[in-house]
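Understanding the architecture of this molecule
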Amino acid sequence: MMNEEQISDIIQGWRNTPEDDLKLEDYQKFKDFGSACLNDGDSARLLTFLQDEKNQGLVKSMGCVLSAPLVNEILKKGKTSDHSQAAITQLTKICSPDELLYSMLETIEDINPGAISETILVLIPHLQTVLLRLEEGKAAGLGQTLSALQKQLSRLPVPYTHQQEEADDYGLCRCCNALAAFAKPFMEEMKRKNGNCIAASEDEELKAELLKFCMWSLREPLLEAELNRDRKTSLWLFATEIMVILPAIQESLSELLFFNSVKKITQTDNNQNRDSKACLAYLLFVQLLSMDTFPAVYSPVFILQCNMEYINQLLSSKKESHLLKGLALYQKSLESVQDNTLAVSLLELRSFNSVPQNLRQVLIECPMKHLRESGLKVFQLFIDKLDPEAKHKFFRCMLKTSNHAGVESHIIKNIRTQVEFSMQPGNANKWFLGEEFLSLLKLVFCLPQGAETDLLHNMDRIMESLNLLRYLLIRDKDLKSTTDVWEETCRIKDEYLKMLRVCISISRGYYSAELKALREDQKLKAKEARDAARSSRLVKSITVKHEKISDISPEGQHQVLQSALVTFDLMESLIVRIEEITEEKLKTPSKTTFSDL
């Protein structure tokens, strides 16, 4: 340890040395001196030294090396670190802004993972002061700073529930609010300059950096967060600030979303841009943020068509927050479109093909019930908006590609609805009554694996197809207006019912045998249990047809097998009723009773 006289001599030596002659060891000694003051709990002494008029030249030359020790001291002392806070403030006034910015960016890069938010909250106001002092390279410095800050913030978990956001255990919400305040003076500077006819290159660069900041914020953390205008949470307020910056820097929301104007952003991953714009579309069209600045000239169909790219991006994710936003954006985009108006040509577009397929994955694979329920509502809403030809094509596509009995049964139910609609006066069309309808019926009235089809797995689809067939036979008058269509329908019906009967017979035989084997095994198991009680022998595992019994209890297995047989009986009863209707129609072709419907 040096004594006071030695320290005074060193300081006097620095004062007498021109700035250009200072060496690396001088900078290190200066840093050691400051750190020693802080370690000794003498931050007041360090502040006095920095404020001393005689030392301003030293502080200007070497003061930037003290920023990291001062930040660490503030993090340790917290609210009792007034002298250290004042010391950093003094540095921001005296030191070279370029050098101090570089030093602070190094501190951000080397940030302790356990103190990310605390460090950022300490540095942000001082970083703002330093950047505002820059006369040249302000835009570049702002870009570097925002990038460094957001890179660190991306390491923090995003609070998803309202309770997590209120607790803000990791400080992300506080940091986001601080970031918004940090960017505000630069946004105001752009607003003041927006009146200029010719923008300087520095102004364009500053605008580009603010735009990059907004797009990054939309992706991280806003895309992950729960955002709802009914709950003014911290992240909601951050979202509103982002949506204020965009028009303030004269960034057209319609251009940004619909005309790929993000060429100014130098991000390498296009998926990141789509994520950002998807969140922007959600905030604009679902939460109506900045909607008053959006042009009212675009048609609902055009908006839907443009938003489909973002809906597809969101629905292709596995994250709940993304799926919720995607479903909400899809619903809002569809609601403004008139029913039965979306043309078949739209289905040729890649996004109009991909979105329903991704939505199908949500309906089939998503483990969250509320998302599946919301997905089904949106799925039906999309169907309602298609015109008859588009519905026909969409139904054919889904029946060919869905490979899921539940989805197929929903499609078949919609086919019946469209047939009923087409039979009303003025609604007749070839897609659900004429020759084109036959191609749809061939897909409906078929068994995926022929006689080997798993009837239980396909039960929903088969029952819905039988209900449709029954309906067509009852309402045969319109179909009979075209003889060829009616005859082909009858042929398809006969082949389908014939194959279905064979399949039911095979399945019933198999499940009856399984049920018989189960009962025999239960008897055998009961006998072995009695024998075991008498002889104290271990019970050996029981098998059915050389396969281990499943984890389901014997009673549960019995119930499943019995239920399968009841299902086959129900299918067969529907087939019998269909054949009865056919016979009745042959006797009285023009008679249709309400009891049949």
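It should be noted that the structure appears before, not after, this text.
Figured I'd write up the structure that's included with this text. (Residues numbered from 1 in each chain as written. Predicted model: local features only at pLDDT ≥ 70, side-chain atom pairs only at ≥ 80, totals over all residues. Heavy atoms only, no water.)

**So, unusual backbone geometry**
Rule in force here: Each helix is a run of DSSP H or I of at least 4 residues and each strand a run of E of at least 2, with the numbering of both proceeding from the N terminus. Each residue's exposure class comes from its accessible area (1.4 Å probe, protein chains only) as a fraction of the maximum for that residue type: buried when under 20%, exposed when over 50%, partly exposed otherwise.
In this model, Glu220 is joined to Pro221 through a cis peptide bond whose omega is 15°. Tracing the sequence through the fold places Pro221 in helix α12 (residues 201-222). Its identity as a non-glycine residue notwithstanding, Leu288 has a phi of 60°, on the positive side. Its place among the elements puts Leu288 in the loop between α15 (270-286) and α16 (300-315). Of note, Ser290 is a non-glycine position whose phi angle comes to about 65°, a positive value. Structurally, Ser290 is set in the loop between α15 and α16. For Ser290, a relative accessible area of 15% puts it in the buried group.

**Let's talk about the nonpolar core**
We apply this condition: Definition used in this section: a nonpolar core is a set of buried Ala, Val, Leu, Ile, Met, Phe, Trp, Tyr and Cys residues joined via side-chain atoms within 4.5 Å. When checking whether two residues touch, look at their non-hydrogen atoms; a contact exists if any pair is within 4.5 Å.
Formed by 178 residues in total, the largest nonpolar core has its most connected members in Tyr330, Phe394, Ile415 and Leu466. Once you skip the residues sitting within four places of it in the chain, Tyr330 turns out to touch Met308, Ile311, Leu315, Val355, Leu359, Val378 and Phe382.

**Description of a nonpolar patch on the surface**
Definition in use: A patch consists of residues whose relative accessible area exceeds 30% and which take part in no salt bridge; residues with like charges are grouped when within 9 Å of each other, and nonpolar side chains (Val, Leu, Ile, Met, Phe, Trp, Tyr) when within 5 Å. Computed by Shrake-Rupley with a 1.4 Å probe, the accessible areas treat only the displayed protein chains as cover when residues are assessed. Note on definitions: salt bridges are taken to be side-chain nitrogens of Lys or Arg within 4 Å of carboxyl oxygens of Asp or Glu.
Together, Met499, Val502 and Ile506 give the surface a local cluster of nonpolar side chains, amounting to about 240 Å² of exposed area. Residue position: Ile506 is located in helix α25 (residues 483-535).

**Considerations on the packing of helix α6 (residues 82-94) against helix α8 (residues 116-133)**
As a reminder of what qualifies: An axis is simply a line fitted to the C-alpha atoms; with a helix, the fit covers only the stretch in contact. Between two such axes, the angle follows the N-to-C directions and lies from 0 to 180 degrees. Roughly parallel means an angle under 35 degrees; roughly antiparallel means over 145; roughly perpendicular covers 65 to 115; every other angle is labelled oblique. Residues are grouped as follows: Ala, Val, Leu, Ile, Met, Phe, Trp, Tyr, Cys and Pro are nonpolar; Asp, Glu, Lys and Arg are charged; all remaining types, including Gly, are polar.
Relative orientation of the contacting elements α6 and α8 amounts to 10°, with a least axis distance of 9 Å. In terms of their interaxial angle, α6 and α8 are classed as roughly parallel. Contacts between α6 and α8 involve Gln85, Ile88, Thr89, Leu91, Thr92, Lys93 and Ile94 on the former and, on the latter, His126, Thr129, Val130 and Arg133. Residue classes in the contact of α6 with α8 are distributed as four nonpolar, five polar and two charged.

**Observations regarding the packing of aromatic side chains**
Which entries qualify depends on this criterion: Between rings of Phe, Tyr and Trp, where Trp is taken as its six-membered ring, a pair exists when centres lie within 6.5 Å; planes separated by under 30 degrees are stacked, by over 60 edge-to-face, and by other angles tilted.
Applying the stated criterion across every chain yields a total of 21 aromatic pairs. Measuring from centroid to centroid gives 5.9 Å for Phe379 and Phe394, while their planes differ by 55°, and the two rings are tilted. In this pair, Phe379 is assigned in helix α19 (residues 369-385) and Phe394 in helix α20 (residues 388-401), connecting sequence segments 15 residues apart. Between Phe382 and Phe394, the ring centres sit 5.3 Å apart and the planes meet at 80°, which makes this aromatic pair edge-to-face.

**Considerations on the pattern of salt bridges**
For the structure on display, the rule yields 23 salt bridges. A salt bridge links Arg461 to Glu408, with the shortest nitrogen-to-oxygen separation between them at 2.9 Å. You can see Arg461 sitting in helix α23 (residues 459-474) and its partner Glu408 sitting in helix α21 (residues 405-422), a full 53 residues away along the chain. The two residues Arg461 and Glu408 agree in class, both being buried.

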